[in-house]
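Examining the three-dimensional arrangement
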Amino acid sequence: MEGDAALLLLADSRLPAGGHAHSGGVEEAVRRGTVTGTGDLARFLRGRLATAGLVTAALAATACELAAAEAGAGAATAPAAPAAYGGGAGPQLGAARDPKVPPADDAADGIELWRRLDTEADARTASPAQREAARTQGRLLLRTARRLWPSAALDALARAVPEGPHHPVALGAAAASAGCAPRQAALAAAYTSVTGPATAAVRLLGLDPVTVHRLLAGLAPALEDAARAACAALDDAAPADDEPDGRETEHHPEHISERHPGQQPGHPHGRHAAWHARWRALPGHSAPALDLLAEGHLTNPMKLFVS
């Protein structure tokens, strides 16, 4: 599978993107006494992976798909179910645009799609504290990725969300720029959703690092499942050519642009409708416990981690 080396770089905690400063809720859980040892930590990690981890994995896969489509097809076609989910890399993205050159109409259209995708991430993050943390991580990752893998997609994302995109959105765009496939982006997002809290628990509770990494090794099948489920959500949302004609036009006219993109070449509204139809299928699993931990951590004056 192409993109493996870039995947390792993206998932490496030593990547200078600030990920080591975030505990994923573990610090507040330790302060409240709900995580006191490896048993509690194992349950916490599984719960986080099944909720926030799955959502971030799906968002990362979606952002990777969008970045690859913007590079490969420009503004001409609507998205289709990518074969790259099972392996292989998406198209290599183009060189970074000269910032002195104003964006063309199709570039402005892409910027609007990035804004909408970031809004989708916002809607799936109920806690203001979690939103702030996700944007802080996303802003740092995007800044680093633009230096490591310069691309027009990363430049467009930076212009679309100047305050900083959500972390999984930035991760997916960076993955595409590095030559990764959507499933690889999803796997990286799922992986970092548990490794950050695990590393924080070692520092906060003085746990044996080998024992904690054994927990992570035990989560390997669940990580693979989360990445597959994240991409399956997009596969399920792809246009169905075997539906009777007129069915979707009666109730969902925007599906016309999904099934017959050639009828509206370059039309931004039809193209947006096709993407929005796919994004409606993204998982939105809420995790109230993680939201409460994030809000409590925000007001705690004595803390080791940013979030």
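Worth saying up front: this structure is predicted, and the values here are computed from it rather than measured. (Residues numbered from 1 in each chain as written. Predicted model: local features only at pLDDT ≥ 70, side-chain atom pairs only at ≥ 80, totals over all residues. Heavy atoms only, no water.)

1. Concerning the nonpolar core
- Within the largest apolar cluster, 75 residues are counted, with the highest numbers of intra-cluster contacts made by L41, F44, L45, W114 and L117.
- The dominant element in this core, judged by the number of residues it contributes, is helix 3 (residues 38–73), at 15 residues. (Core = buried A, V, L, I, M, F, W, Y, C linked by side-chain atoms within 4.5 Å. Buried < 20%, exposed > 50% of the residue type's maximum accessible area, 1.4 Å probe, protein only. Helix = DSSP H or I, 4+ residues; strand = E, 2+ residues; numbered from the N terminus.)

2. Quick look at the side chain of R124
- By the element assignment, R124 lies in the loop between helix 4 (105–123) and helix 5 (128–148).
- Among the polar contacts listed, one links the side chain of R124 to the backbone oxygen of W279, at a separation of 3.4 Å.
- Filtering out sequence-adjacent residues up to four positions away, R124 remains in contact with V55, W279, R280, L282, P283 and G284. (Polar contact = N/O pair within 3.5 Å; in protein donor to acceptor, adjacent residues only side chain to side chain. Contact = heavy atoms within 4.5 Å.)

3. Thoughts on the pattern of salt bridges
- For the structure shown, the criterion picks out 13 salt bridges.
- The shortest N-O distance in the salt bridge between E28 and R32 comes to 3.0 Å. One end of the pair, E28, and the other, R32, are both in helix 2 (residues 26–32), four residues apart, so they sit about a helical turn from each other.
- Take R32: its relative accessible area is 46%, and that puts it in the partly exposed class.
- In this structure, the salt-bridge partner of R183 is E224, at a minimum N-O distance of 2.5 Å. Remark: E224 occurs in helix 10 (residues 220–236) and R183 occurs in helix 8 (residues 182–205); sequence separation between them is 41 residues.
- Among the residues examined, R183 registers a relative accessible area of 16% and is labelled buried.
- A cluster of three or more residues bridged by salt bridges with shared partners is formed by E28, R31 and R32. (Salt bridge = Lys/Arg side-chain N within 4 Å of Asp/Glu carboxyl O.)

4. A look at the packing of aromatic side chains
- For the structure shown, the criterion picks out one aromatic pair.
- Residues W275 and W279 carry aromatic rings whose centres are separated by 5.8 Å and whose planes lie at 40° to one another, so their mutual orientation is tilted. Placement of the pair is W275 and W279 together in helix 13 (residues 268–279), with a separation of four residues, close to one helical turn. The two residues W275 and W279 agree in class, both being buried. (Phe/Tyr/Trp six-rings, centres within 6.5 Å; stacked < 30°, edge-to-face > 60°.)

5. Description of the packing of helix 1 (residues 4–11) against helix 8
- Where helix 1 meets helix 8, the axes come as close as 10 Å, and the angle between the chain directions of the two elements is 25°. Of the possible angle classes, the one that applies to helix 1 and helix 8 is roughly parallel. Crossing of helix 1 over helix 8 shows right-handed handedness. Touching D4, L7 and A11 of helix 1 are Q184, L187, A188, Y191 and T192, all from helix 8. (Axes fitted to C-alpha atoms, helices over the stretch in contact; angles between N-to-C directions. Parallel < 35°, antiparallel > 145°, perpendicular 65-115°, else oblique. Left-handed = near helix turned anticlockwise from the far one by under 90°.)

6. Some details on the environment of G138
- Inspection of the secondary structure puts G138 in helix 5.
- With relative accessibility at 0%, the residue G138 sits in the buried group.
- Note: C-alpha distance between G138 and A17 (121 residues apart in sequence) is 8.4 Å.
- Not counting residues up to four positions away in its chain, the partners in contact with G138 are P165, H166, H167 and A170.

7. Examining the confidence of the model for the protein
- When pLDDT is averaged across the protein, the result is 79; 77% of the residues are at 70 or more.
- Scored below 50 in pLDDT, residues 73–105 shows 72 contacts in the model against residues more than four places distant or in partner chains.
- This model gives residues 239–266 a pLDDT under 50, and the stretch forms 32 contacts once residues within four places in sequence are excluded. (pLDDT = per-residue confidence, 0-100.)

8. Regarding the side chain of T125
- By the element assignment, T125 lies in the loop between helix 4 and helix 5.
- Other than its neighbours up to four places away in sequence, T125 contacts Q130, R131 and H166.

9. Quick look at helix 8
- A rise of 1.5 Å per residue sets the reference length of helix 8, with its 24 residues, at 34 Å; its end C-alpha atoms lie 35 Å apart and thus fit the reference within 8%.
- Of all 24 residues in helix 8, 18 are buried; the element is thus mostly enclosed.
- Just past helix 8, the residue G206 takes up positive phi, approximately 65°. (Expected span 1.5 Å × (residues − 1).)

10. Notes on the environment of R146
- With respect to the helices, strands and loops of the structure, R146 is situated in helix 5.
- When the C-alpha positions of R146 and A174 are compared, they lie 7.9 Å apart, and in sequence the two are 28 residues distant.
- The contact partners of R146, leaving out residues within four places of it in the chain, are L154, D155 and A158.
- Within the structure, R146 has its side chain in polar contact with the side chain of D155 (distance 2.8 Å).

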